[in-house]
Amino acid sequence: MALDEATIEKLIKAGLPDARITIAALADDNDHWSAQVISAAFKGKSRVQQHQMVYRALGTRMGNELHALALQTGVPEE
Amino acid sequence: MTTTTAADRIKREISDNPVLLYMKGTPVFPQCGFSARVVQILTTLGVKFKGIDVLADPDIRQGIKDFSNWPTIPQLYVKGEFVGGCDIVSEMFESGELKKVLADKGVATKG
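Since we're looking at a predicted model, the values are computed, not measured.

Caption draft 1: Broad picture of the overall build of chain A. Each helix and strand in chain A was counted, giving two helices and three strands. Ordering the α and β elements of chain A from the N terminus gives α-β-β-α-β. Relative to the compact-globule value of 12 Å for 78 residues, chain A shows a C-alpha radius of gyration of 12 Å, a close match. C-alpha atoms of chain A, sized along the principal axes, occupy 35 × 20 × 20 Å. Scored against the burial criterion, the 78 residues of chain A give a buried share of 26%. Here the analysis covers contacts within chain A between residues at least 6 apart in sequence; of these, 54% occur between residues at least 24 apart.

Here it is, written out as structure tokens:
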């Protein structure tokens, strides 16, 4: 059921190839994660749109196999 | 068709309630930490809001995710606009942006 760290990172990378991703566990259950995703693709997008791009990369897993992913998104500093 | 009904009900709720939170559980008894966090933020800001428990209605639980193209609960709507889930609302609260957005939209906050 749960998704591991490497899989989450791989999926996000597939959708956002330039992304800098930092994943941390929120709980020791392989099911609650937090991720910081930095990508130039987020430029000019609202926070809602940025999160939607990450969710799109994760596909149907978000809210299913992946119960909780606390997200923080941003663009790289110039 | 049930999906049409769920979408219609969601649209009506969103237009009828200036501040609306789709959540797991109720504002008094949230049943998920992320929902509880958003309730706590709105309460701290002294914002009057309506909570809709998605656990009580599977059609709405799926319907709201389709409506906003957002896979998780909670979801906060202010004056018909989707503001975000727990992470975005928390980030906006901490930066003071949430209070500003509420004020700009004419929603009364405390202090």
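Caption draft 2: Spotlight on the interface of chain A and chain B. Each side of the interface is counted separately: chain A has ten residues, and chain B has nine residues. When contributions to the side of chain A that touches chain B are tallied by element, the ones reaching two or more residues are α2 (47-58) and β3 (68-74) of chain A. If you tally residues by element for the side of chain A that touches chain B, the top one is α2 of chain A, at five residues. Residue classes in the side of chain A that touches chain B are distributed as five nonpolar, four polar and one charged.

Caption draft 3: Just helix α2 (residues 33-44) of chain B, in detail. All names here are of chain B. An ideal rise of 1.5 Å per residue puts 16 Å on twelve residues; α2 measures up with 16 Å between its terminal C-alpha atoms. Within the sequence span of α2, burial applies to F34, S35, V38, V39 and L42. Along the axis of α2, the buried residues cluster in a sector spanning 140 degrees; they form a single face. α2 presents G33 and T43 as exposed residues on the side facing more than 90 degrees away from its buried surface. Of the surrounding elements, those touching the buried residues of α2 are β1 (19-23), β3 (75-78) and α4 (86-95). G46 sits one or two residues past α2 and shows a positive phi near 70 degrees.

Caption draft 4: Looking closely at the sheet that holds strand β2 (residues 32-38) of chain A. All names here are of chain A. Read across the open sheet, the three strands follow the order β1-β2-β3; overall the sheet is mixed. Of all the strands in the sheet, just β1 (20-25) and β3 have a single pairing partner and so form its edges. Taking each pair of neighbouring strands and ignoring which way they run, the sheet shows an average axis angle of 15 degrees. Two elements, β2 and β3, share seven bridges in a ladder whose sense is parallel. Along β3, the bridge assignment pairs I38 with G74.

Caption draft 5: Spotlight on the pairing of strand β2 (residues 50-53) of chain B. All names here are of chain B. Taken together, the four bridges between β1 and β2 define a ladder with parallel strand orientation. Opposite L21, over in β2, you have G51 as the bridge partner. Crossover β1 to β2 through α2 is right-handed.

Caption draft 6: Main features of the confidence of the model for chain A. With 97% of its residues at a pLDDT of 70 or more, chain A shows a mean pLDDT of 90. For chain A, the element scoring lowest by mean pLDDT is β3 of chain A, at 91; α2 of chain A scores highest, at 95.

Caption draft 7: Structural view of unusual backbone geometry. All names here are of chain B. Of note, the amide linkage connecting I73 to P74 takes the cis form, showing an omega dihedral of 5 degrees. Turning to its location among the elements, P74 is positioned in the loop between α3 (58-68) and β3. With phi around 55 degrees, N69 is a residue other than glycine that occupies positive phi space. Considering the arrangement of structural elements, one finds N69 in the loop between α3 and β3.

Analysis parameters
Residues numbered from 1 in each chain as written. Chains lettered and ligands numbered in written order. Predicted model: local features only at pLDDT ≥ 70, side-chain atom pairs only at ≥ 80, totals over all residues. Helix = DSSP H or I, 4+ residues; strand = E, 2+ residues; numbered from the N terminus. Rg over C-alpha atoms; globule rule 2.2 N^0.38 Å. Buried ≥ 20, exposed ≤ 12 C-beta atoms within 10 Å, placed from the backbone. Contact = placed C-beta atoms within 7 Å. Nonpolar A, V, L, I, M, F, W, Y, C, P; charged D, E, K, R; others polar. Expected span 1.5 Å × (residues − 1). Arc of directions from axis to C-beta. Pairing = 2+ DSSP bridges. Axes fitted to C-alpha atoms, helices over the stretch in contact; angles between N-to-C directions. Right-handed = clockwise from strand over helix to strand, strands pointing away. pLDDT = per-residue confidence, 0-100.

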